Each structure stands twice: as structure tokens, then as C-alpha cells.
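Chain residues, written in single-letter form:
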Amino acid sequence: MYRFFVNENQIGDESITIEGSDVNHIKNVLRMKQGETILVSDGNDNEYVCEIEEISDTVTAKIVDMNKQSRELPIKVTLFQALPKSDKMETVIQKMIELGAVEIVPVKTSRCIVKLDDKKATKKVARWNEIAKSAAKQSKRGIIPTVSDVMTYDQALEKAKEMDTILFPYEGAEDIDHTREIFGKIDKGASIAIFIGPEGGFSVEEVKKAEDASAKEITLGNRILRTETAGMMIMSVLMYLFEE
């Protein structure tokens, strides 16, 4: 069943009005007809089962039922991803949102190969948010996770300090038992920051700054993971532990 997102002001007592690019998608791409069933979310984890009543410049959908079961994890995970090479960021955003992350923060670190000026960064972030929205629709998320503006490493750490736990994969971390202990202390409702370095890893100075910010150093096992794999690995563990 196809899913679409709307703003709260598009939701009436008995019907929902769909506007914008989704109208063309319903009409000309999916070629949906009157009477077909769709899912509509208000972006706040409220999901409506609807039946298409009319398709014109807008789509009017009658509210048939409301799904009570949340599709969101009982934790809020933000990925702080150092800018990777080529189009790896697109893959990271897509997969992390499918797995349940609520926000992606692109981060400029000292060993990032990719260099974005303000104009390029603005265009990239706009595209990344479209990918985030598409991934949220595909995975039937109850919210649309966001991709923030590109931050410096110091800005990212300041933002992460507001969260309950900062997870910092690092080759110098203690053994896997210590990492299991850290995961075991995370409670439902917690906000979690995951920091992932670029292809060249974090610098010694950046590791020290993370330690000063009370980040929890964890290991991802005996194998070396690529930057585009590491965040997904941690997110998968969190999903397994907290999915209800």
C-alpha cells in the first residue's frame, strides 16, 4: 500500500487533501483510480488508512481508519556522518532512515576528502532531504527524518552534547564486552548520537574532543568496516534491541 505525507492543515474530520508533487505521482506515475486505498501520514507518527474519492488538481481521500500502532523506535537516533566520497552519503541516508534514524547530520572533519562550498552544500542538502523523504515513504515511517545543514566537527559535538548518549566507534576502544555493556545501559526514550568518521578515520585531536564531550567509545568487532557500513551496523543493533 502506497504512503504519502501531508501537513496537519490538509487533514479534515472525514477526508484528507493531497497536494503538490504527490498528485502527479498518484495520477500519472501510479495511475491510481477512485476507490483505491492509500496510507497517509501527518509526519507526527499518525497514520490514516484512506480511500481515494477524487483526483483532479488535488487528490481527496476519505479517511477509513487510523492505525494506532507506531512504526517508530522508542529511541531517537541521530547519525553524525563525516562526508564520504562519491555518492556514498546518499546510500547512508537511505539505509539509516529505513532502519529508523530520525536525523542525519553531515559533518566536515579534518580527514574528509570531499570539500563543499556553501552553494554546493545547499544543493546537496536539498537533494539529501528528497532522498530522506523517499526512504521514509518506502519504509512506511511515521515521520519524515531530516538531513541537517553540513556542520563542522565542533558544531556537531555541541549538538550531540544535548543528547543522552554519544556512541563513538573507535579502533582504540575496549573489547566487545565493554561495548555490550554500553548498549545495555541505553534506556527506552533515550536520544542517541552516532559519530562515524570518514574514509581516513578521525584524527587524534578529534578523538580527544569526543572524549571531552563524554562520548562512549565502542568497538564494531574485529573487522574493519567502511564508513558507509559502520552507521548501519550500529543502527541495526539498536533496532534489534529496541523494536517493539
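An account of the accompanying structure is given in this report. Treat the numbers as computed from the prediction; the structure is a model and nothing was measured.

Let us look at the pairing of strand β11 (residues 191-196). Along β11, six of the six residues are buried, which leaves the element largely enclosed by surrounding structure. Residues of β11 alternate between two faces, with Ser-191, Ala-193 and Phe-195 on one and Ile-192, Ile-194 and Ile-196 on the opposite face, all of them buried. Both strand β6 (residues 76-82) and β11 contribute to a ladder of six bridges, which runs parallel. Counted as the bridge partner of Thr-78 is Ala-193 from β11. In this view, the connection linking strand β10 (residues 165-169) to its parallel neighbour β11 by way of helix α5 (residues 176-184) has right-handed handedness.

Counting residues in hydrophobic clusters, the biggest one holds 42 residues, and the most contacted among them are Ile-93, Trp-128, Ile-192, Ile-194, Ile-234 and Leu-238. Every element with two or more residues in this core is listed here: β6, α2 (88-99), α3 (118-138), α5, β11 and α7 (227-242). No other element matches α3, which puts seven residues into this core. Contacts of Ile-192, omitting those with residues within four sequence positions, involve Ile-75, Lys-76, Val-77, Thr-78, Met-163, Thr-165, Leu-167, Ile-186 and Leu-238. Membership of the second largest hydrophobic core comes to 18 residues, among which are Phe-80, Met-151, Ala-156 and Phe-195.

Thresholds applied
- Residues numbered from 1 in each chain as written.
- Predicted model: local features only at pLDDT ≥ 70, side-chain atom pairs only at ≥ 80, totals over all residues.
- Heavy atoms only, no water.
- Buried < 20%, exposed > 50% of the residue type's maximum accessible area, 1.4 Å probe, protein only.
- Helix = DSSP H or I, 4+ residues; strand = E, 2+ residues; numbered from the N terminus.
- Pairing = 2+ DSSP bridges.
- Right-handed = clockwise from strand over helix to strand, strands pointing away.
- Core = buried A, V, L, I, M, F, W, Y, C linked by side-chain atoms within 4.5 Å.
- Contact = heavy atoms within 4.5 Å.

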